[in-house]
Amino acid sequence: MTEHLSDTARQTTLTPLLESGWEVVEDRDAIRKSYKFSNFIEAFGFMTRAAIWAEKWNHHPEWSNVYNRVDVVLTTHDVGGLSALDVKLARKMDVLVGQAG
């Protein structure tokens, strides 16, 4: 079962994400990031690759796409906040963004 991130885990796992552009969402135990691509096709390709991992891990982002931008919010609804799954998916998305185009 997935568990809420402990204070220690937050310190060690969120710091690198925050340094790479993720932000803590105010008024929620969640993180967010906006990705910008050259065009719609690259943005949609990124979403498709991310969706495959999200489905594989049964952990789905809150996200939206407008033309070349993808806005992502990650939180684990089952635990009412951030979990290791959010960290895992955020890291994977950062890798996948490099595969655009």
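Details of the structure are given in the entry above.
The rules we used
Residues numbered from 1 in each chain as written. Predicted model: local features only at pLDDT ≥ 70, side-chain atom pairs only at ≥ 80, totals over all residues. Heavy atoms only, no water. Helix = DSSP H or I, 4+ residues; strand = E, 2+ residues; numbered from the N terminus. Buried < 20%, exposed > 50% of the residue type's maximum accessible area, 1.4 Å probe, protein only. Contact = heavy atoms within 4.5 Å. Expected span 1.5 Å × (residues − 1). Bend = angle between axes of the 7 residues up to and from the residue. Polar contact = N/O pair within 3.5 Å; in protein donor to acceptor, adjacent residues only side chain to side chain.

A. The environment of glutamate 23, seen in detail. Summarising the element assignment, glutamate 23 is placed in strand β1 (residues 23-24). We classify glutamate 23 as partly exposed; its relative accessible area is 40%. For glutamate 23 and serine 34, which are 11 residues apart along the polypeptide, the C-alpha to C-alpha distance reads 9.6 Å. Contacts of glutamate 23, omitting those with residues within four sequence positions, involve Leu18, Ala30, Ile31 and Arg32.

B. Highlighting helix α1 (residues 7-19). Compared with the 18 Å implied by 1.5 Å per residue over 13 residues, the 18 Å span of α1 between its first and last C-alpha is a close match. Helix geometry: α1 is bent most strongly at threonine 13, by close to 30°, with proline proline 16 lying one to four residues after it. Of the positions making up α1, those classed as buried are Thr13, Leu14 and Leu17. Positioned one or two residues after α1, glycine 21 has a phi angle of 110°, which is positive.

C. Summary view of the side chain of threonine 75. Residue placement: threonine 75 occurs in the loop between β4 (69-74) and α3 (84-97). Here threonine 75 falls in the buried class, since its relative accessible area comes to 8%. In this structure the side chain of threonine 75 is engaged in a polar contact, spanning 2.8 Å, whose partner is the backbone oxygen of aspartate 29. Apart from residues no more than four positions distant in its own chain, threonine 75 is found in contact with Arg28, Asp29, Ala30, His59, Glu62, Gly81, Leu82 and Asp86.

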